Amino acid sequence: MIKVGIIGSTGYAGNELVRLLMMHPETELTWLGSRSYVDEKYAGIYKNVFSLNDDSCRDDNIAKMADEVDVIFTATPQGYLAGVLTEDILSKAKVIDLSADYRIKDVATYEKWYGITHKSPQFIEEAVYGLCEINRDKVKGARLIANPGCYTTCSILTAYPLVKEGYIDVDTLIVDAKSGTSGAGRGAKVPNLYCEVNENIKAYGVATHRHTPEIEEQLGYACDKDVTINFTPHLIPMNRGILATEYAKLNKVTRSDGTEGYPTADMIRKCYEKFYSDEYFIRLLEPGMNPETRWVEGTNFVDINFVVDDRTNRVIMMGALDNICKGAAGQAVQNMNILFELDEKTGLELIGMC
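Figured I'd write up the structure that's included with this text. (Residues numbered from 1 in each chain as written. Predicted model: local features only at pLDDT ≥ 70, side-chain atom pairs only at ≥ 80, totals over all residues. Heavy atoms only, no water.)

## Brief notes about the side chain of His24
Stage number 1. Structurally, His24 is set in the loop between α1 (12-22) and β2 (27-33).
Stage number 2. Polar contacts involving the side chain of His24 include one to the main-chain carbonyl oxygen of Thr346, which spans 3.4 Å.
Stage number 3. Not counting the four nearest positions on each side in its chain, His24 is found in contact with Val333, Met336, Asn337, Leu342, Thr346 and Gly347. (Helix = DSSP H or I, 4+ residues; strand = E, 2+ residues; numbered from the N terminus. Polar contact = N/O pair within 3.5 Å; in protein donor to acceptor, adjacent residues only side chain to side chain. Contact = heavy atoms within 4.5 Å.)

## Things to note about the pattern of salt bridges
Stage number 1. Inspection of the entire model under this criterion finds 22 salt bridges.
Stage number 2. One salt bridge connects Lys92 with Asp67, and the closest N-O pair in it is separated by 2.7 Å. Note that Lys92 is positioned in helix α5 (residues 87-92) and Asp67 in helix α3 (residues 62-68), a separation of 25 residues in sequence.
Stage number 3. You can call Lys92 partly exposed: its relative accessible area is 37%.
Stage number 4. Lys178 is the salt-bridge partner of Asp176, the closest N and O atoms lying 2.4 Å from each other.
Stage number 5. Look at Lys178 and you get partly exposed, because its relative accessible area is 24%.
Stage number 6. When salt bridges that share partners are traced, they join Glu16, Arg19, Arg240 and Asp322 into one network. (Salt bridge = Lys/Arg side-chain N within 4 Å of Asp/Glu carboxyl O. Buried < 20%, exposed > 50% of the residue type's maximum accessible area, 1.4 Å probe, protein only.)

## Side note on the pairing of strand β9 (residues 230-235)
Stage number 1. Inspection of the sheet shows strand β7 (residues 168-179) paired to β9 by six bridges, in the parallel sense. Note that in β9 the partner of Ser179 across the bridge is Leu235.
Stage number 2. Relative to β9, strand β8 (residues 202-203) runs antiparallel, the two being bridged by two bridges. When the bridges of β9 are listed, Lys202 appears paired with Leu235. (Pairing = 2+ DSSP bridges.)

## Re the sheet that holds β8
Picture the strands of a sheet paired through backbone hydrogen bonds; they go either parallel or antiparallel.
Stage number 1. Ordered in space as β8-β9-β7-β10-β15-β14-β13, the seven strands form an open sheet in which the pairing is mixed. Because the sheet does not close on itself, it has two edges, and the strands there are β8 and β13 (282-284).
Stage number 2. Here eight bridges tie strand β10 (residues 242-250) to strand β15 (residues 314-321), and the two strands are oriented antiparallel to one another. What sits directly across from Leu243, in β15, is Ala320.

## As for the packing of helix α8 (residues 150-164) against helix α11 (residues 265-276)
Stage number 1. Closest axis-to-axis distance for the α8/α11 pair is 9 Å, and the angle between their directions is 105 degrees. Put simply, α8 runs roughly perpendicular to α11. In contact with Leu157, Thr158, Tyr160, Pro161, Leu162 and Lys164 of α8, α11 contributes Ile268, Cys271, Tyr272, Phe275 and Tyr276.
Stage number 2. For the contact of α8 with α11, the residue count by class is nine nonpolar, one polar and one charged. (Axes fitted to C-alpha atoms, helices over the stretch in contact; angles between N-to-C directions. Parallel < 35°, antiparallel > 145°, perpendicular 65-115°, else oblique. Nonpolar A, V, L, I, M, F, W, Y, C, P; charged D, E, K, R; others polar.)

## Brief notes about the environment of Asp322
Stage number 1. Note that Asp322 resides in the loop between β15 and α12 (325-339).
Stage number 2. For the pair Asp322 and Asp67, spaced 255 residues apart in sequence, the C-alpha separation works out to 33 Å.
Stage number 3. With sequence-adjacent residues up to four places away left out, Asp322 is seen in contact with Arg240, Gly241, Val296, Glu297, Gly298, Thr299 and Gly327.

## A word on the packing of aromatic side chains
Stage number 1. Scanning all chains against the criterion turns up nine aromatic pairs.
Stage number 2. On the basis of an interplanar angle of 15 degrees and a centroid distance of 5.7 Å, the ring pair of Tyr272 and Phe306 is categorised as stacked. Remark: Phe306 occurs in strand β14 (residues 302-309) and Tyr272 occurs in helix α11; sequence separation between them is 34 residues.
Stage number 3. With relative accessibility at 0%, the residue Tyr272 sits in the buried group.
Stage number 4. A relative accessible area of 9% places Phe306 in the buried class.
Stage number 5. Chaining the aromatic ring pairs together yields one cluster made of Tyr272, Tyr276 and Phe306.
Stage number 6. Seen from the ring of Trp31, Arg58 lies directly overhead, with NZ or CZ sitting 3.6 Å from the centre. (Phe/Tyr/Trp six-rings, centres within 6.5 Å; stacked < 30°, edge-to-face > 60°. Lys NZ or Arg CZ within 6 Å of the ring centre and 35° of its normal.)

## What about the nonpolar core?
Stage number 1. Ranked by size, the top nonpolar core spans 41 residues in total, and within it Leu162, Ile168, Ile268, Tyr272, Val315 and Met317 carry the most contacts.
Stage number 2. Only α8, β7, α10 (212-223), β10, α11, β14 and β15 provide two or more residues apiece to this core.
Stage number 3. Take this core: its biggest share by element is nine residues, from α8.
Stage number 4. Those residues in contact with Ile268, other than ones at most four positions away along the chain, are Leu162, Tyr167, Leu250, Pro263, Phe306, Val308 and Val315.
Stage number 5. One finds Leu29, Val71, Val128 and Ala320 within the second-largest nonpolar core, a separate group that totals 40 residues. (Core = buried A, V, L, I, M, F, W, Y, C linked by side-chain atoms within 4.5 Å.)

Shown next, in the form of structure tokens:
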């Protein structure tokens, strides 16, 4: 059995990790870490595990945790892991970090967008960006996994095949994304109160959201050049889910008959199939079906589809996922499965909750 420790187990992503790992046939929850609830019964905080889990929360002593577990999940705010990670910890346990501390390779970019000083830049280079469907081979054998963000997972996977194949002008890419309120975390904040969110939708972080450089960096690797996009997130009154609608100008390409022109819908579909036909957790929907958050709620799936607008020579790409599962905890478990040479689907074969 894989012995697991979680720091930040009482946040939304941490609780989702607990839910998934309690159902995982190859794991043993050894340490439920929480700075705010030390010695309190976990089932008293999250009653969904009442009578199923009798553990009490422990502290967040990651150095001691590394002596007792095989893998550590850190579902913590930005800056936490960077401030405590050491070579000794990494020599004893795998670490899967759900924060942004090791996602961005350029330290200056991280510090600019997150407004904090990075305290352990020596580990950035070896950290693997854990977007499983793209970096699976790099995840294998890694010690430190930078688990991608929810907006970024949805945004990148939705556009990646067309960026990689050169079908779109990536400099024209616009990502319009909408998220449920759980993405803001469990902490009490006035903008996230029920009366502030209910019957309302609002854009935030316009032209300044900190997931922007993460999306740009990863799509830049796909097309081998620097990428600059417009990314605008919106908060909507639901618990879970992200819907990303992405727009880009099509590039002219050489078609199969030797002529030059814009990619057809059939070409674009075949492009998605080329990259994702063997990916269990990515579902390319049938023509005319648009992704909806309710069909992926509580799952590790990403639903994707597209529409070609011949009038404007643009493609409209759509993706939906559960921000707490595939956008956080589910992807972290998927990374763990890869690290420990398990079937990626282990513990994650979940059907939508709707």
